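# Architecture at a glance
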Amino acid sequence: RFAGWTDPSARTGPVGRPVVSPFVQVVATEEGQAGNTYGAVEFMLSHGPVALTPGLDVGMTRTFLPGGGEIRAVSSKAASKDGGKETHVNFDETHLYRGEGLISTHATLRRNLAKRRDAEPWSLETTTMYAPGEGSVAETAHVYASKIQRGEITDPGFLFDHVEGPAVVSFDDDDQILGSLRVAYGEAGQWMDFDRLLAEANEARNDVDHRRRVADFRRYFLNQ
């Protein structure tokens, strides 16, 4: 956590401080899905210099940290029963957090974060683009961010980061689609197979149910 500057007068050289007994939850609608994020955590803590840290115990679904603390991959159902005092929560694929149960779990964990003031707890929501009208947690976050942007509410502790590909006026134009894909994927475009995605677009526009298929393509690949 932020603990000041090496040069306070110039506000340069940010200094960090460790969290005492950190409790990190990686949450998804299903436990296997939580592994999408936790799998990266497991890999990073199992390889390289960090893996040599004395007392670090890395497992496939949980990691115990030296000096106390843990990182855990859990389903939203399991997390709702935990009642813990989290210092950080990662909610993955919040476009799937629909219905009273999942939305309630999200709210419960957010309240849990308020119990650890000195740890400056916070949460991160990562998601595929939501389907408008479903009332998902992802959609609610977007609506909230829009209200902040319009000046209707003030919340300096809320960061919303969204990038979507530019509008594709003609879905028959592969060059337009490709240009939009490159913007949507950004640096991740270095390892994307755009030829495969253009083939997906071709299938979508020629499908019997092409209106739905094209809408799904715009949502899942262009982040629109």
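In short, a report on the structure. (Residues numbered from 1 in each chain as written. Predicted model: local features only at pLDDT ≥ 70, side-chain atom pairs only at ≥ 80, totals over all residues. Heavy atoms only, no water.)

Attention now moves to the overall build of the protein chain. Looking only at helices and strands, one finds 7 helices and 8 strands in the protein chain. Overall, the C-alpha framework of the protein chain stretches about 60 × 45 × 40 Å when taken along its three principal axes. Looking at the protein chain as a whole, 32% of its 224 residues qualify as buried. When contacts within the protein chain are restricted to residue pairs at least 6 apart in sequence, those whose partners lie at least 24 apart make up 58%. Carbon and sulfur atoms make up 54% of the accessible area of the protein chain, which totals about 13600 Å². Charged side chains of the protein chain number 24 positive and 32 negative; the gap between the two group centres comes to 8 Å. (Helix = DSSP H or I, 4+ residues; strand = E, 2+ residues; numbered from the N terminus. Buried < 20%, exposed > 50% of the residue type's maximum accessible area, 1.4 Å probe, protein only. Contact = heavy atoms within 4.5 Å. Areas by Shrake-Rupley, 256 points an atom, 1.4 Å probe, with all protein chains shown as cover. Lys, Arg positive; Asp, Glu negative; His and termini not counted. Charge placed at Lys NZ, Arg CZ, Asp CG, Glu CD.)

One open sheet holds the 6 strands; their spatial order is 4-5-6-3-7-8, and the pairing between them is mixed. What marks the edges here is a single partner per strand, and that holds for strand 4 (57-58) and strand 8 (122-126). Strand direction decides the pairing type here: strand 5 (residues 62-64) and strand 6 (residues 70-75), joined by 3 bridges, are antiparallel. Note that in strand 6 the partner of R62 across the bridge is R72. (Pairing = 2+ DSSP bridges.)

Here the focus is the pattern of salt bridges. Taken as a whole and judged by the stated rule, the model has 12 salt bridges. The salt bridge partner of E134 is R98, with a shortest N-O separation of 3.3 Å. Separated by 36 residues along the polypeptide, E134 in the loop between strand 8 and helix 4 (137-149) and R98 in the loop between strand 7 (88-92) and helix 3 (99-113) bring together distant segments of the chain. Salt bridges sharing partners connect three or more residues here, namely E203, D207 and R213. (Salt bridge = Lys/Arg side-chain N within 4 Å of Asp/Glu carboxyl O.)

Our next topic: the packing of helix 5 (residues 174-185) against helix 7 (residues 210-222). Axis separation between helix 5 and helix 7 bottoms out at 9 Å; the angle between their running directions is 40°. Between helix 5 and helix 7, the residues in contact are I177, S180, L181, A184 and Y185 and F217, Y220, F221 and L222, respectively. Looking at side-chain class alone, the contact of helix 5 with helix 7 contains 8 nonpolar, 1 polar and no charged residues. (Axes fitted to C-alpha atoms, helices over the stretch in contact; angles between N-to-C directions. Nonpolar A, V, L, I, M, F, W, Y, C, P; charged D, E, K, R; others polar.)

The next subject is the packing of aromatic side chains. Applying the stated rule across the entire model yields 6 aromatic pairs. When the ring of Y185 is compared with that of F194, the centres are 6.1 Å apart and the planes differ by 70°; the resulting orientation is edge-to-face. A relative accessible area of 9% places F194 in the buried class. (Phe/Tyr/Trp six-rings, centres within 6.5 Å; stacked < 30°, edge-to-face > 60°.)

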